[in-house]
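Inside the fold
Listed here are the chains, written in short residue letters.
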Amino acid sequence: MNSAYIFTPPEQPSAAVRGTDRRYAVSRIFCVGRNYAAHAREMGGDPSREPPFYFTKPASALVPSGTTVPYPPGTQDYHYEMELVIALGAPVFRVSPEVARAAIWGFAPGLDMTRRDLQAEAKKAGRPWDVAKGFEQSAVLGELVRTAECGPMDAGAITLSVNGVQKQRGDLADMIWNVAEIVANLSQFYHLKPGDLIYTGTPDGVGPVLPGDRLAGEIAGLGALALTIGPAE
């Protein structure tokens with residue numbers, strides 16, 4: 001069969017949605033840096049309420065909960081970061097928090113996996129974080145839950161355990177910028193659209209994992225997320 005493409009295009013990245021077989025097509029992944037005061041301190045930052053900053057991951061980095069991912073190349077310090085993820089359902093550009101909140105279609109638990117040693121080197125050299133953050137299988141995502149089912153997600157426990165030992169425990173109410181404020185702020189810089197995901201930052205307690213480790217995260221009202229670390233490639 002003739003095709004307009006030289007190579008077969010990759011499969012559309014997408015996420016599972018609770019209560020339906022239909023999937024949420026993902027176009028972009030934005031991530032908020034240091035959105036919990038205690039995590040900002042553990043990373044050596046200032047937890048004051050300065051404007052949020054962002055980095056991105058490619059949509060191709062998305063992997064579903066329950067996956068086994070290989071320990072990634074180029075790092076000796078592979079970290080977890082448990083996060084609430086926003087899924088947009090309407091276009092927004094330069095909007096208020098009130099308008100931004102109405103554009104949120106749903107939420108999910110997520111993991112922002114990080115090559116921490118490479119991130120530290122990039123910070124020291126004043127370089128971008130792409131290699132530390134935007135690598136393959138670095139955006140783990142649980143099942144999406146519609147806002148109509150889970151509510152605004154402005155509060156609720158967020159936890160992460162490794163091999164049954166709790167490592168992170170926080171509350172969504174501890175976020176420096178809440179979900180509506182994050183979407184509103186990001187919309188000052190981008191024409192946000194349905195299909196955009198926003199990872200909203202992690203509580204303190206981040207740390208390294210090794211091959212064989214099993215991660216289990218949970219956000220109250222959204223459910224659980226799981227990841228297993230496989231052998232290095």
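The preceding data block contains the structure.
Please read these numbers as outputs of a predicted model, since none were measured by experiment.

Attention now goes to the pattern of salt bridges. Between side chains of opposite charge, a pair can form as their charged atoms come close. Counting across every chain of the model gives 8 salt bridges. Its salt-bridge partner being Asp112, residue Lys133 comes within 2.7 Å of it at the nearest N-O pair. Here Lys133 is found in helix H4 (residues 130-133), whereas its partner Asp112 is found in strand S9 (residues 104-112), with 21 residues between them in sequence. The residues Lys133 and Asp112 share a single accessibility class, namely buried. Sharing partners across several salt bridges, the network here consists of Lys57, Glu81, Asp112, Arg116 and Lys133.

A separate point is the pairing of S9. In terms of residue burial, S9 counts as a mostly covered element, since 8 of its 9 residues are buried. Relative to S9, strand S8 (residues 82-88) runs antiparallel, the two sharing 7 bridges. Along S9, the bridge assignment pairs Ala87 with Gly106. Pairing of S9 with strand S12 (residues 145-146) involves 2 bridges; the strand directions are antiparallel. Paired with Gly106 across the strands is Arg146, a residue of S12. Inspection of the sheet shows S9 paired to strand S11 (residues 139-141) by 3 bridges, in the antiparallel sense. The partner of Gly110 across the bridge, within S11, is Leu141.

As summarised here, the arrangement of the 3 strands in space is S10-S7-S16, forming an open sheet in which the pairing is antiparallel. Sheet topology places strand S10 (114-115) and strand S16 (207-208) at the edges, where each strand pairs with a single neighbour. Alignment of strand S7 (residues 78-80) against S16, held across 2 bridges, turns out to be antiparallel. The residue bridging His79 from the neighbouring strand is Pro208, located in S16.

A word on the packing of aromatic side chains. Evaluated as defined, the whole model comprises 6 aromatic pairs. Aromatic pair Tyr24 and Trp105: ring centres 5.6 Å apart, planes at 35 degrees, arrangement tilted. One end of the pair, Tyr24, is in strand S2 (residues 24-25); the other, Trp105, is in strand S9, with 81 residues separating them in the sequence. On the numbers, 5.2 Å between centres and 75 degrees between planes, the contact of Tyr71 with Tyr78 is edge-to-face.

Another point: the environment of Ala155. Its location among the elements puts Ala155 in the loop between helix H5 (147-150) and strand S13 (157-162). Among the residues examined, Ala155 registers a relative accessible area of 47% and is labelled partly exposed. Setting aside residues no more than four positions away along its own chain, Ala155 makes contact with Asp171, Leu172 and Ala173.

Looking now at the side chain of Thr202. Within the secondary structure, Thr202 sits in the loop between strand S15 (196-199) and S16. Thr202 gets classed as buried once you look at its relative accessible area, which sits at 2%. Of note is the side chain of Thr202, whose polar atom sits 2.8 Å from the backbone oxygen of Met82.

Rules used in this analysis
Residues numbered from 1 in each chain as written. Predicted model: local features only at pLDDT ≥ 70, side-chain atom pairs only at ≥ 80, totals over all residues. Heavy atoms only, no water. Salt bridge = Lys/Arg side-chain N within 4 Å of Asp/Glu carboxyl O. Helix = DSSP H or I, 4+ residues; strand = E, 2+ residues; numbered from the N terminus. Buried < 20%, exposed > 50% of the residue type's maximum accessible area, 1.4 Å probe, protein only. Pairing = 2+ DSSP bridges. Phe/Tyr/Trp six-rings, centres within 6.5 Å; stacked < 30°, edge-to-face > 60°. Contact = heavy atoms within 4.5 Å. Polar contact = N/O pair within 3.5 Å; in protein donor to acceptor, adjacent residues only side chain to side chain.

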